[in-house]
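Descriptive analysis of the structure
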Amino acid sequence: MNPKSDATQLSQQKQSVETLRWREGRLEMIDQRVLPMHFEYLAYTNAKEVAEGIRSMVVRGAPAIGCAAAYGVALEALASQHMANDAFIQAMERGFTELAQSRPTAVNLFWALQRMRACWEKSSSAPPPQIAAILLEEAHEVSQEDVRINRAMGAFGASLLNDGARVLTHCNAGALATAGHGTALGVFRSAVEAGKKISVIADETRPFLQGARLTAWEMVQEHIPVTLITDNMSGHLMQHGEIDAVVVGTDRVAANGDVANKIGTYMVAVLAKRHGIPFYVACPLSTIDLSISQGKDIPIEERSRDEVLGFRDYRWAPVGVSVRNPAFDVTPAELVTALITEKGVVHHPNVQNISALFR
Ligand code: MRU
């Protein structure tokens, strides 16, 4: 597992973040568990390793998980390409299963696996080495397409933010959560590129601290003004007129517009409604799951109790306490001002205007 670890000091890094990269026949991913203290790539050579990288949050964020899974399928094909046909098929099926079991909520994982399976089926009469080459091309395309989509969403989203806007975001929906540019943070990057002077308020996003560790890091790297708050401060700031808009990403949107995102998003959306602040969700079409009619049917991952009892080696809670750790929650569509997609902005999302995106 993780055969290559290539540690580099943060200060030596260039500004643009390459969350996943293909190097010498291997997938390399930034280890997001150790950011921002260490900037380090880990290398992956088959589907099982990639599945473990997703499960353990080396890579996280819905679109990035989808890209990693696509590479996981390609790696499995490359690792098995010299096997006889039956053994190749068996190895591939095992790889698909391992990847599908890595995390349950972000639908981009299953979207990417479906896309890779369709690609495999189309080329299934070819010899395995040729199938492996085709699957690798497809994985590269999934990643490149993700950046193009994020840029399109960024342009649509930037037009919603006024010059000088102070924008709250929750969790990390940045370059680190995608193949590049980001969804919610892509909107901020595009707004800055368009000459708007915006400032970002990042909440820390307990328990995994994606806001404090990852969003704050991305914004600091690019000199986009960012202020860090703890999760319980956003209501106070809204009450004092210090937040003009909220932009978040999403892991899965149901057919009726209900939005699953990092735990705590619902709380922010309720507060935004209370204070008349627009609540926007940056949402590529690959994150919309038309097979699920309402948010209550979206599977919510429950993660380890250790994430709540303390952080890394430090434990603050008493032995014997019981713990809940749902990693996502669902914001009802009625609290969502608009979805920002690569096809445009969908105001007041509902069954009709969401299904129209796929026509
Ligand atoms: O548990 P994580 O870090 O994978 O959760 C990530 C989020 O909830 C993001 O907001 C979401 O995936 C959108 S990323 C563009």
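Residues numbered from 1 in each chain as written. Predicted model: local features only at pLDDT ≥ 70, side-chain atom pairs only at ≥ 80, totals over all residues. Heavy atoms only, no water.

**Observations regarding the side chain of Thr215**
Note that Thr215 resides in helix α7 (residues 210-221). Within the local environment of Thr215, its side chain forms a polar contact with the side chain of Asn172, the two groups lying 3.2 Å apart. Here Thr215 is in contact with Thr169, Cys171, Asn172, Leu185, Ala202 and Gln210, once residues within four sequence places are set aside. (Helix = DSSP H or I, 4+ residues; strand = E, 2+ residues; numbered from the N terminus. Polar contact = N/O pair within 3.5 Å; in protein donor to acceptor, adjacent residues only side chain to side chain. Contact = heavy atoms within 4.5 Å.)

**Focus on the sheet that holds strand β10 (residues 259-262)**
Taken in spatial order, the 4 strands of this open sheet run β12-β9-β10-β15, and their pairing is mixed. In the strand order of this sheet, the two ends are held by β12 (288-289) and β15 (328-331), each with one partner. Here 4 bridges tie β10 to β15, and the two strands are oriented antiparallel to one another. Bridging across to β15, Lys262 finds its partner in Phe328. The sheet contacts of helix α9 (residues 265-274) involve β10 and β15, and relative to β15 the element is tilted by about 30 degrees. (Pairing = 2+ DSSP bridges. Axes fitted to C-alpha atoms, helices over the stretch in contact; angles between N-to-C directions.)

**Here's the deal with the pairing of strand β6 (residues 199-203)**
Within a regular strand, the side chains alternate between the two sheet faces. Summarising burial for β6: 4 of the 5 residues are buried, a large majority. Sheet analysis places strand β5 (residues 166-169) next to β6, joined by 4 bridges and oriented parallel. Residue pairing in the sheet places Arg166 in a bridge with Ser199 of β6. Handedness of the β5-helix α6 (residues 184-193)-β6 crossover: right-handed. Running through α7, the crossover from β6 to the neighbouring parallel element strand β7 (residues 226-229) is right-handed. (Buried < 20%, exposed > 50% of the residue type's maximum accessible area, 1.4 Å probe, protein only. Right-handed = clockwise from strand over helix to strand, strands pointing away.)

**Focus: the pattern of salt bridges**
Two side chains carrying opposite charge are able to pair once their charged atoms lie near each other. On inspection of all chains with the given rule, the structure shows 18 salt bridges. Glu141 is the partner of Arg148 in a salt bridge, and the nearest nitrogen-oxygen pair spans 2.6 Å. For Glu141, a relative accessible area of 25% puts it in the partly exposed group. With a shortest N-O distance of 2.7 Å, Arg189 and Glu222 are connected by a salt bridge. On the criterion of sequence distance, the pair formed by Arg189 in helix α6 and Glu222 in the loop between α7 and β7 is long-range, its members being 33 residues apart. Here Arg189 falls in the buried class, since its relative accessible area comes to 5%. The structure contains a network of salt bridges with shared partners spanning Arg103, Glu301, Arg303 and Glu307. (Salt bridge = Lys/Arg side-chain N within 4 Å of Asp/Glu carboxyl O.)

**Section: the domain arrangement of the protein chain**
By domain assignment, the protein chain separates into domain 1 (10-150) and domain 2 (154-358). Once you take the C-alpha centre of each, domain 1 and domain 2 turn out to be 25 Å apart. The interface is formed by 34 residues belonging to domain 1 together with 38 residues belonging to domain 2. Summed over both partners, the interface of domain 1 with domain 2 comes to about 3,000 Å²; 55% of that surface belongs to carbon and sulfur atoms. Three residues, Arg60, Thr105 and Asn150, lead the burial of domain 1 against domain 2; their summed loss comes to 22% of the area buried on that side. Across the contact surface, domain 1 and domain 2 share 20 residue pairs in polar contact (both at pLDDT 80 or more). For the side of domain 1 that touches domain 2, the secondary-structure elements that each account for two or more residues are α2 (62-80), α4 (107-122) and α5 (128-158). For the side of domain 1 that touches domain 2, the element with the highest residue contribution is α5, accounting for 5 residues. Residues of the side of domain 1 that touches domain 2, tallied by class, amount to 20 nonpolar, 8 polar and 6 charged. (Domains from an automatic or database assignment. Buried area = accessible area lost by both parts, 1.4 Å probe. Nonpolar A, V, L, I, M, F, W, Y, C, P; charged D, E, K, R; others polar.)

**Description of the side chain of Lys262**
Assignment of secondary structure puts Lys262 in strand β10. Despite its burial, Lys262 pairs with no opposite charge; the closest candidate is Glu301, at 6.0 Å N-O. Of the polar contacts made by the side chain of Lys262, one reaches the backbone oxygen of Ala327; its length is 3.0 Å. Beyond its immediate stretch of four places on either side in the chain, Lys262 contacts Arg103, His170, Cys171, Thr205, Gln210, Asp251, Ala327, Phe328 and Asp329. (Lys, Arg positive; Asp, Glu negative; His and termini not counted.)

**As for the state of the cysteines**
Going through the model one piece at a time under the given rule, you end up with 0 disulfides. The thiol of Cys119 is unpaired, and the distance to the nearest cysteine sulfur, on Cys67, comes to 15 Å. Cysteine Cys283 is unpaired, with the sulfur of Cys171 as its nearest cysteine sulfur at 15 Å. Using a relative accessible area of 0% as the deciding quantity, one classes Cys283 as buried. (Disulfide = S-S within 2.5 Å.)

**Quick notes on the site of the ligand**
Near the ligand lie 18 residues; those nearest to it are Arg60, Arg103, Asp251, Asn261 and Lys262. Between the ligand and Gln210, the relevant distance is 2.8 Å, taken from an oxygen atom to a side-chain nitrogen or oxygen of the residue. For the ligand, whose accessible area on its own is 410 Å², the fraction buried by protein is 100%. Breaking the shell around the ligand down by element, the ones donating at least two residues are α2 and β10. (Near = heavy atom within 4 Å. Areas by Shrake-Rupley, 256 points an atom, 1.4 Å probe, with all protein chains shown as cover.)

**A closer look at the sheet that holds β7**
If you walk across this open sheet you meet the 7 strands as β7-β6-β5-β8-β11-β16-β17, and the pairing is mixed. Sheet topology places β7 and β17 (344-347) at the edges, where each strand pairs with a single neighbour. This sheet shows a mean twist of 25 degrees between the axes of neighbouring strands, independent of strand direction. Looking at chain direction, strand β11 (residues 279-282) and strand β16 (residues 338-341) are connected through 3 bridges and run parallel. In the strand pairing of β16, Val281 is matched with Leu339. Those strands touched by α5 are β11, β16 and β17, and its axis lies near 140 degrees from that of β16. α6 rests against β5, β6, β8 (245-248), β11 and β16 of the sheet, and its axis sits at about 160 degrees to β5.

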